[in-house]
Amino acid sequence: MSQEPIFDSITGKSNLVSFKLEDIRLQVENNEVADVTVNLDYIDGLNPSELKNVVPIANNIKDYLTNYPNNPNDLFEVINRNLTKELLTDDNLGLSKVLDSLSVNLDVSPKVIPFQFDNTNTRTSDGDINDIVSFQLKNIQLDVTNKENANVTITLDYIDGVDPSNFKEVGVIADKVKDYLTNYPNHPNDLFEVINRNLTEKLLSDSNLGLSEVLDSLSVNLDVAPAIIPFQFDNTNTRTPNGYINDTVSFHLEDVTSPIDGGIVADVTVNLDYVDGIDSSLLKDVIPIGNYIKDFLANYPVEAGLYEVLNRDLTQGLLNDSTIGLSGVLDSLSVNLDVSPKIIPFQFDTTITRTPNGNINDIVSFQLEDILLPIDGASVADVAVNLDFIDGIDPSAFKDVIPLGNFIEDYLTNYSNPNDSFEVVNNNLGNALLTNSNLGLSEVLDSLTVTLGASPGVIPFQFDNTVTLTPIRTTIFGVSEFTTVL
């Protein structure tokens, strides 16, 4: 098969490059250790030859953080802001001319802050700045009837460009959260969704915390240990200071069996995205929903078929069941089936999202592990593929993923340009997948996403590159055009 670069057939393209540096010791007063994750979102249409070598960027980051030149008492949020500014203004790196945005996440080991804490700063070359702070409190015993334990994750999305003096001390917020949940002042039989709503309202209305003046939004996730609800369950409530409220409920069923393909086993993850601001009395008990799913899969009448079709039937059944009553309260329902390897010999999952008004989206994902790639002295890569099908596509158009997996493995293990970068290899692979008429992907997909996760080798740390290609579906001389987007 040909492996010549075929970028000229694309009207535009972009790349996302990510890498992670572990256990960087920060030059701050208490010598905290942090993992640093960097995302380089390149300008659409950039020639792959203009993508940057990540090793000098990583060296710059390590040097900056281990020899931090400013006040050692700076908040981590301020340190991160200074780091991203340094990276974008360094002429030797040349990032400002090639990136749409740069994001750096500092994941700080507990020390002065006694719990998991991370901060993400995102900058664009034209000066936009966004700061997000997240932290997690573990094993908080809720003051409810059954004394469930929960992990609580709080996300503070600051107003873009907020003055650094307005960053809030997370320890004070954490103390408020723990006190509220362990001494819950309302009905102990409240649903977890109601408890979470009350908590976010309390946090935003507390004048001593002052969050309403500095945040675009506040999100709290309650991840509740199985007890009365006999499976993994979590709820996220997001509020804005101007009154917007969104509730999302997720739960996870493990090792559910179905007779399809001779008895497959799947983990099932369900996401209920409620109508914004819905009355709390309309929130649903998830236990009957979980029971419906297990019964549906165990008694599915088709013994052979595509998992995508099974998932479509399941989501339709859930929305149509009047006793469950989901269609009147949800913006959307998503179900992910994560199928153990059997007929499909690698990790595979399908996600169906339906709205009550009839919209359907299908995404299929699969991953190939430890593919030997003959570049840079025989690198090993994991390859993750996402197929985003045209909304509402006829089920007969779903593709068998096994030929796709075989094509990818053959393409990479026989790659003939050993001096190409991972980014170029990934672009060429994505293009090859979409232009191969035997695979037929360009006619059925809204987008194709391929991520190469490379084992440390010439690049001495965890590194991955993601490209997303989108067919335009205009035919020129019998060939579909497509463009690469993120």
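Since this is a predicted model, take the numbers as computed values, not measurements.

Asks: I would appreciate a short explanation of the overall build of the protein chain in the present structure.
Replies: Looking only at helices and strands, the protein chain features eight helices and 17 strands. Since a compact globule built from 486 residues should have a radius of gyration of about 23 Å, the 24 Å found for the protein chain is in line with a globular shape. By its C-alpha atoms, the protein chain is 65 × 65 × 35 Å across when sized along the principal axes. Taken across its 486 residues, the protein chain has 52% of its residues classed as buried.

Asks: Sorry, what's going on with the packing of helix 7 (residues 401–413) against helix 8 (residues 422–435) here?
Replies: Helix packing geometry: the angle between the two helix axes and the distance between the axes. At a minimum axis separation of 11 Å, helix 7 and helix 8 run at an interaxial angle of 140°. Put simply, helix 7 runs oblique to helix 8. Considering the relative orientation of helix 7 and helix 8, their crossing is right-handed. Residues Phe407, Ile408, Tyr411 and Leu412 of helix 7 form the contact with helix 8, whose own contacting residues are Val425, Asn428, Leu429, Ala432 and Leu433.

Asks: Would you mind showing me how to read the side chain of Thr238 here?
Replies: With respect to the element layout, Thr238 can be found in strand 8 (residues 232–239). Among the residues examined, Thr238 registers a relative accessible area of 17% and is labelled buried. Side-chain polar atoms of Thr238 contact the side chain of Ser219, separated by 2.7 Å. Contacts of Thr238, omitting those with residues within four sequence positions, involve Ser217, Leu218, Ser219, Tyr244, Ile245 and Asn246.

Asks: In this structure, what is going on with unusual backbone geometry? I would like to understand it.
Replies: Outside of glycine, negative phi angles account for most residues, and trans bonds account for most peptide bonds. Residue Asn139 is not a glycine yet carries a positive backbone phi of 55°. Tracing the chain through its elements places Asn139 in strand 5 (residues 129–141). If you check the backbone angles, Asp255 has positive phi at about 55° while not being a glycine.

Asks: What's the story with the environment of Thr451 in this structure? I'm lost.
Replies: Within the element layout of this structure, Thr451 appears in strand 15 (residues 445–454). Owing to a relative accessible area of 18%, Thr451 belongs among the buried residues under this scheme. Put simply, Thr451 and Leu16 are 435 residues apart on the chain and 9.2 Å apart in space, counted from C-alpha to C-alpha. Sequence-distant contacts of Thr451, defined by excluding residues within four places in its chain, comprise Asp382, Val383, Ala384, Asn426, Asp464, Asn465 and Thr466.

Asks: Looking at this structure, how should I read helix 1 (residues 54–66)?
Replies: The terminal C-alpha atoms of helix 1 lie 18 Å apart, and with 13 residues this matches the ideal 18 Å at 1.5 Å per residue to within 8%. Among the residues making up helix 1, those that are buried are Val54, Ile57, Ala58, Asn60, Ile61, Tyr64 and Leu65. Seen along its axis, helix 1 keeps its buried residues to an arc of 160°; they face one direction. Regarding helix 1, its N-cap is Asn53, as a side-chain oxygen of that residue lies 3.0 Å from the backbone nitrogen of Val55 further along.

Asks: Would you take a moment to explain a negative patch on the surface for this structure?
Replies: Taken together, the side chains of Asp44, Asp100, Asp126, Asp128, Asp160 and Asp216 make up a negatively charged region of the molecular surface. Of note, Asp160 is situated in the loop between strand 6 (149–158) and helix 3 (170–182).

Asks: Just to check I follow, could you spell out the confidence of the model for the protein chain for this structure?
Replies: Detailed reading of predicted coordinates is not advised where the pLDDT is low. Here the protein chain shows a mean pLDDT of 90. Residues at 70 or above account for 93%. In this model residues 1–12 is a low-confidence stretch, pLDDT under 50, and it forms 34 contacts with partners more than four residues away in sequence or in other chains. Considering only residues more than four positions removed or in separate chains, one finds that residues 473–486, a stretch of pLDDT under 50, has 49 contacts.

What counts as what
Residues numbered from 1 in each chain as written. Predicted model: local features only at pLDDT ≥ 70, side-chain atom pairs only at ≥ 80, totals over all residues. Heavy atoms only, no water. Helix = DSSP H or I, 4+ residues; strand = E, 2+ residues; numbered from the N terminus. Rg over C-alpha atoms; globule rule 2.2 N^0.38 Å. Buried < 20%, exposed > 50% of the residue type's maximum accessible area, 1.4 Å probe, protein only. Axes fitted to C-alpha atoms, helices over the stretch in contact; angles between N-to-C directions. Parallel < 35°, antiparallel > 145°, perpendicular 65-115°, else oblique. Left-handed = near helix turned anticlockwise from the far one by under 90°. Contact = heavy atoms within 4.5 Å. Polar contact = N/O pair within 3.5 Å; in protein donor to acceptor, adjacent residues only side chain to side chain. Expected span 1.5 Å × (residues − 1). Arc of directions from axis to C-beta. Patch = residues over 30% accessible without salt bridge, like charges linked within 9 Å, V, L, I, M, F, W, Y side chains within 5 Å. Areas by Shrake-Rupley, 256 points an atom, 1.4 Å probe, with all protein chains shown as cover. Salt bridge = Lys/Arg side-chain N within 4 Å of Asp/Glu carboxyl O. Lys, Arg positive; Asp, Glu negative; His and termini not counted. Charge placed at Lys NZ, Arg CZ, Asp CG, Glu CD. pLDDT = per-residue confidence, 0-100.

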